[in-house]
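Chain and residue survey
Here's the letter readout for the chains.
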Amino acid sequence: MQNLFYFLIGRVTSYFGVGLLRIALPIFILEKTGSASALGTFMALVSLPAFLLSPILGNYLESLNKKYVIVITDFMQFIVFLILYLFQIQDLNMLRVFVFLSFTLGKAFEISSSSIFSQIIEERYIEKGNSYRSILDNISGVGSPIIGVFIYNSFGIGGIFLVNAITFVFSALVEIFIKYKFIKTSLKNSNLIENILESIEFVLKNKDLSRIFFTSKALNFIIGPISSITIPFLLLKIHSFSNYEFGIIESASILGAIIGATIIIVKNKSLKLLVLLNINSILIITIGATSWLLWSYKRELFFIVLFMQFLIGFFANLISIPIISNYQRSVPIYMQSRFFALSAFLDGILIPIGEFGVGKMSLFINSNLILIMGGVLMIFIAYFLLKEEVDKV
């Protein structure tokens, strides 16, 4: 349990810094450009190349000591943000390069931390362990939107860079104390393509795993860009919510996720994935519809969106935690780095394409309608993929 403690403390520290960046970066770009399209393009350009490297990273990381990987990547993140702070880099082209480096390092960290998790906790505690991990991740994030806006308004984007540098170096120092018995795994061959194909074949042959896997990819493709592009643009630019109001709404979503993870720890029966996905989709549709109907009632709209985002966070964790636990139980240790890299690779293609598409759609389609369309589409896709629903995710 001591290893798990150090692992979680390291994560919660670095995730706090990541949370600051995620709230401040869209605000910074929107203030400089005033365009959801520009924001979508920026996010796509920094995300897509980093995630395209995921299969190579997964293949390379498979045989490495995962503890060393998470420590080194955190320390390199410290260097990236220290440079951004010291040289006060705010030019979007230069910023794009450094954010790309950060995203790439973050992806290597995420692949390795997902793989090492099942090796430092007993299998029967994996789902609860992931729930604790989610709670701590979200606790680090529940205050980060509000704190991030405060730091941004007080010190600018440079203040965000400095705090990120501090959190990453602290995280690396804590993770050094993890006692991890490294079990070296050997790949069947050195051919990158064949190793990737082996992981794909494993997913496709496992019917239950593949159904859940592709459902999660569809969810990330549709709902992810809506959360990162459409909702911020709708609230900040169309309804003119203040940065602080937006930060409070984002924090409500994180608080809902914390409560959702807590429910998983104490629940006594399985929850159906299809039902949860439909509820989440209906909540997104509700935000789109109410922001249209209550166009002139800003105060009332704020509290409705606040409550909807809380529920979205709540149900999102009831969906995501059992899914990741299923992966860690179902995928052999010798293949987990490649599997999580494959998952990240698909997300890296689908999410930036979705962000780019949503950004361009916002030029021609009302953001309220984009939310409604996305929710309805997710309901149909979830039904198609989960017609033969698995009782336990």
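Scope of this entry: the structure provided in the associated data block. (Residues numbered from 1 in each chain as written. Predicted model: local features only at pLDDT ≥ 70, side-chain atom pairs only at ≥ 80, totals over all residues. Heavy atoms only, no water.)

1. So, the overall build of the protein
When you go through the protein residue by residue, the secondary structure sums to 14 helices and zero strands. Scanning the protein from its N terminus toward the C terminus, one meets helices and strands in the order α-α-α-α-α-α-α-α-α-α-α-α-α-α. Relative to a compact globule of 393 residues, whose C-alpha radius of gyration would be 21 Å, the protein shows 20 Å and is just as compact. Considered along the principal axes of its C-alpha atoms, the protein spans approximately 60 × 55 × 40 Å. Scored against the burial criterion, the 393 residues of the protein give a buried share of 56%. Intrachain contacts of the protein at a sequence separation of at least 6 include 88% that bridge at least 24 residues. (Helix = DSSP H or I, 4+ residues; strand = E, 2+ residues; numbered from the N terminus. Rg over C-alpha atoms; globule rule 2.2 N^0.38 Å. Buried < 20%, exposed > 50% of the residue type's maximum accessible area, 1.4 Å probe, protein only. Contact = heavy atoms within 4.5 Å.)

2. Considerations on the side chain of Ser114
Structurally, Ser114 can be placed in helix H5 (residues 92-117). Those residues in contact with Ser114 that lie beyond four places of it in its chain are Arg133, Gln328, Gln336 and Phe340.

3. A look at the environment of Ser228
Of note, Ser228 is situated in helix H9 (residues 207-238). Take Ser228: its relative accessible area is 26%, and that puts it in the partly exposed class. For the pair Ser228 and Ile23, spaced 205 residues apart in sequence, the C-alpha separation works out to 9.5 Å. Non-local contacts of Ser228, meaning those with residues more than four positions away in its chain, are made with Leu39 and Glu355. Polar side-chain contacts of Ser228 include one of 3.1 Å to the side chain of Glu355. (Polar contact = N/O pair within 3.5 Å; in protein donor to acceptor, adjacent residues only side chain to side chain.)

4. A few points about the packing of helix H7 (residues 144-175) against helix H10 (residues 243-266)
One way to put it is that H7 packs onto H10 with a least axis distance of 7 Å and a crossing angle of 155 degrees. By the angle class used here, H7 and H10 are roughly antiparallel. Taken together, the residues of H10 that come into contact with H7 (itself represented by Pro145, Ile146, Val149, Phe150 and Asn153) are Asn243, Tyr244, Gly247, Ile248, Glu250, Ser251 and Ile254. Among the residues forming the contact of H7 with H10, the class breakdown is seven nonpolar, four polar and one charged. (Axes fitted to C-alpha atoms, helices over the stretch in contact; angles between N-to-C directions. Parallel < 35°, antiparallel > 145°, perpendicular 65-115°, else oblique. Nonpolar A, V, L, I, M, F, W, Y, C, P; charged D, E, K, R; others polar.)

5. So, helix H8 (residues 192-205)
Over its 14 residues, H8 runs 20 Å from end to end, which matches the ideal 20 Å to within 8%, given 1.5 Å per residue. Where the residues of H8 are buried, they touch helix H3 (54-61), H9 and helix H13 (333-361). (Expected span 1.5 Å × (residues − 1).)

6. Notes on the pattern of salt bridges
For the structure on display, the rule yields seven salt bridges. Residue Glu110 is joined to Arg11 by a salt bridge in which the shortest nitrogen-to-oxygen separation is 4.0 Å. Taken together, the positions of Glu110 in helix H5 and Arg11 in helix H1 (residues 2-33) put the pair 99 residues apart, joining distant regions of the chain. The class for Glu110 is partly exposed, based on a relative accessible area of 24%. Its relative accessible area of 3% is what places Arg11 among the buried residues. Its salt-bridge partner being Glu127, residue Arg329 comes within 3.9 Å of it at the nearest N-O pair. One end of the pair, Arg329, is in helix H12 (residues 298-330); the other, Glu127, is in helix H6 (residues 126-142), with 202 residues separating them in the sequence. The exposure class of Arg329 is partly exposed, given its relative accessible area of 31%. Via salt bridges that share partners, Glu62, Glu198 and Arg338 belong to a single interconnected network. (Salt bridge = Lys/Arg side-chain N within 4 Å of Asp/Glu carboxyl O.)

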